[in-house]
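Residue strings, one per chain:
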Amino acid sequence: MDKNNLTRERVLVTGGSGFIGSHLCDALVRRDKSVLSMDNGISGQMKNLSQLLSHRNFEHIQHDLTLPFEIDANEVYNLACPASPKHYQKDAIATVRTNVLGTLNLLENSKRQLGCKTLQASTSEIYGDPEIHPQTEDYKGNVDPTGPRACYDEGKRCAETLFFDYHRSFEIEIKVARIFNTYGPRMRLDDGRVVSNFIRQALDGQDIQVYGNGQQTRSFCHVDDLVEGLISLMDAPSHVIGPINLGRPIEFTILELADIILTKISGPSKIVFAPLPEDDPKQRKPDITRAKEYLGWEPEIALEDGLEDTIAYFKSEYFK
Ligand code: NAD
Ligand code: UDP
């Protein structure tokens, strides 16, 4: 075992047992980094890390980001926070606490160390229900600060503020990624977001529940593409701090997504309509000019292709 190999670059990933975090840990270990995952388990799943637990360059600790900590690392990726509305609204105050208090603890830990690069997994929710389309990073957003999504949206906005204030005040090297809707294997079966719900409903032969009239749009990015984007941002020169949109700039209506999933999973399911949740954004599509220019990054995996391994994962979880 080589758990404390100090010659290797050490990377801390908060939210490491989550959907994106676990794929990021895989990719970093493949790049020969020494990875420490930190998670409180609120929406993560330890099975996401089972392939890494015996790896000599990987460690996982159970820790809540809202409690102070001291961990030396060359790079820190802050992914801790439930991402699905169902999960982040379950305990809205904990969501705010993680984004504000947790981010403060994270940045205090980075401040102690010279040259610790720190990346924030921010979100397209910064833009709220956007009035400009596609969304560029200089758009200031249209967020309802009192609505049911505010714990996440405003929490993430405050986290960005903290990142930029720590950068200005203490010259911490920061990176801020604004991630758009991401899907792929290891999403929880009870994740509650649209891709996982539709796949589950189709596998169950139940009707596909489209909220509202289904004309609202989202732009879906496969997790493998997203992880490449996050690492490219971390590796970018120090002046590239963001915010930078990471997403696939191809828009689908929710009805179109339902049709694609129904063609891939044949069965008795048909589309039915259910009420639109409060505060639901009407459209979302990233402008990724900055990501292309500064990172040389753009997603490669089409939705129709990326859904293949996602559906295969759900089938394997379902029928085991
Ligand atoms: P996820 O819920 O699967 O993962 C989040 C992880 O953070 C979980 O393992 C959870 O247990 C952990 N966590 C939550 N609060 C914590 C705390 N206080 N201390 C320690 N760990 C804590 O979500 P995900 O989809 O993997 O998202 C990862 C990050 O990316 C989140 O910060 C999310 O806001 C951001 N993001 C995701 C998407 C997306 O489409 N998945 C889009 C935009 C932004
Ligand atoms: N949605 C839906 N049926 C579902 C889950 C979600 O029609 O079972 C819709 C939801 O109203 C929203 C879109 O799909 O317009 C994306 O929702 P999701 O929760 O996946 O992500 P977010 O709203 O955070 O982008």
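First, a word on scope: everything that follows refers to the structure included in this document. Being a predicted model, the structure only gives us computed values, none of them experimental.

Remarks on the site of ligand 1
Close to ligand 1 lie 30 residues; Ile20, Asp39, Ser43, Tyr152 and Lys156 are nearest. In this structure, Asn40 approaches ligand 1 through a main-chain N or O atom, which is 3.1 Å from a nitrogen atom. One nitrogen or oxygen atom from the main chain of Leu65 is found 2.9 Å from a nitrogen atom belonging to ligand 1. Protein contacts shield 96% of the accessible area of ligand 1, which totals 810 Å² for the unbound molecule. At the level of elements, helix H1 (19-30), strand S5 (117-123) and helix H4 (150-170) are the ones that each hand at least two residues to the shell around ligand 1. Ranked by the residues each element gives to the shell around ligand 1, the list is headed by S5, at three residues. Among the residues making up the shell around ligand 1, the classes are represented as 13 nonpolar, 13 polar and four charged.

Overview of the site of ligand 2
In the region of ligand 2, 17 residues are neighbours, and Arg149, Tyr211, Arg218, Asp280 and Arg284 sit closest. Between an oxygen atom of ligand 2 and a side-chain N or O atom of Glu125, the distance comes to 3.4 Å. Between Val194 and ligand 2, the recorded distance is 2.8 Å, taken from a backbone N or O atom to an oxygen atom. Mapped onto the shell around ligand 2, the elements with two or more residues apiece are helix H5 (194-204) and strand S8 (208-211). For the shell around ligand 2, the residue count by class is seven nonpolar, four polar and six charged.

Quick notes on the packing of H5 against helix H7 (residues 254-264)
Angle between the axes and distance between the axes: these two values describe a pair of packed helices. Viewed as axis vectors pointing N to C, H5 and H7 meet at an angle of 40 degrees, and their least axial separation amounts to 10 Å. Classified by the angle their axes make, H5 and H7 are oblique. The element H5 and its partner H7 pack so that their crossing is right-handed. Between H5, through Val194, Val195, Phe198, Ile199 and Ala202, and H7, the contact on the second element is made entirely by Ile254, Leu257, Ala258 and Ile261.

Some points on the state of the cysteines
In this structure the tally under the stated criterion is zero disulfides. Of all cysteine sulfurs in the structure, the one in Cys151 sits closest to Cys81, which takes part in no disulfide; the separation is 8.0 Å. Here Cys116 is not cross-linked by a disulfide; its sulfur's nearest cysteine counterpart is in Cys25, at 16 Å. Taking the relative accessible area as the measure of exposure, Cys116 reaches 4% and is therefore buried.

Considerations on the nonpolar core
Within the largest apolar cluster, 58 residues are counted, with the highest numbers of intra-cluster contacts made by Tyr77, Leu230, Leu246, Leu295 and Leu307. In this view, Leu295 contacts Gly229, Ser232, Leu233, Ala236, Val240, Ile244, Leu246 and Arg290; residues no more than four positions away in its chain are not counted. Grouped together as the second largest cluster of nonpolar side chains are 20 residues, Ala80, Phe163, Val176 and Ile241 included.

Digging into helix H3 (residues 92-111)
With 20 residues, H3 ought to run about 28 Å at 1.5 Å a step, and its terminal C-alpha atoms sit 28 Å apart, in line with that. Taken as a whole, H3 carries its principal kink of about 30 degrees at Thr98. Taken together, the buried positions of H3 are occupied by Ala94, Thr95, Thr98, Asn99, Gly102, Thr103, Asn105, Leu106, Leu107, Asn109 and Ser110. Next to the buried residues of H3 lie strand S1 (10-14), strand S4 (75-78), helix H2 (85-88), S5 and H4.

As for helix H9 (residues 303-318)
Think of an α-helix as turning once every 3.6 residues; residues three or four places apart then point the same way. In this model, H9 (16 residues) spans 22 Å end to end at C-alpha, consistent with the 22 Å of a helix rising 1.5 Å per residue. Those residues of H9 not exposed but buried are Leu303, Gly306, Leu307, Thr310, Ile311, Tyr313, Phe314 and Glu317. Each element contacted by the buried residues of H9 is listed here: strand S7 (182-183), H5, strand S10 (221-222), strand S12 (251-253) and H7.

What about the environment of Ile93?
Tracing the chain through its elements places Ile93 in helix H3. What makes Ile93 exposed here is its relative accessible area of 61%. When the C-alpha positions of Ile93 and Tyr152 are compared, they lie 9.6 Å apart, and in sequence the two are 59 residues distant.

Description of the pairing of S4
The alternating pattern of S4 places Glu75 and Tyr77 on one face and Val76 and Asn78 on the opposite face, and all of these are buried. Taken together, the four bridges between S1 and S4 define a ladder with parallel strand orientation. Looking at S4, one finds that Val11 is bridged to Glu75. As paired strands, S4 and S5 are joined by four bridges and run parallel to one another. By the bridge assignment for S5, Tyr77 is matched with Leu119.

Calculation rules
- Residues numbered from 1 in each chain as written.
- Chains lettered and ligands numbered in written order.
- Predicted model: local features only at pLDDT ≥ 70, side-chain atom pairs only at ≥ 80, totals over all residues.
- Heavy atoms only, no water.
- Near = heavy atom within 4 Å.
- Polar contact = N/O pair within 3.5 Å; in protein donor to acceptor, adjacent residues only side chain to side chain.
- Areas by Shrake-Rupley, 256 points an atom, 1.4 Å probe, with all protein chains shown as cover.
- Helix = DSSP H or I, 4+ residues; strand = E, 2+ residues; numbered from the N terminus.
- Nonpolar A, V, L, I, M, F, W, Y, C, P; charged D, E, K, R; others polar.
- Axes fitted to C-alpha atoms, helices over the stretch in contact; angles between N-to-C directions.
- Parallel < 35°, antiparallel > 145°, perpendicular 65-115°, else oblique.
- Left-handed = near helix turned anticlockwise from the far one by under 90°.
- Contact = heavy atoms within 4.5 Å.
- Disulfide = S-S within 2.5 Å.
- Buried < 20%, exposed > 50% of the residue type's maximum accessible area, 1.4 Å probe, protein only.
- Core = buried A, V, L, I, M, F, W, Y, C linked by side-chain atoms within 4.5 Å.
- Expected span 1.5 Å × (residues − 1).
- Bend = angle between axes of the 7 residues up to and from the residue.
- Pairing = 2+ DSSP bridges.

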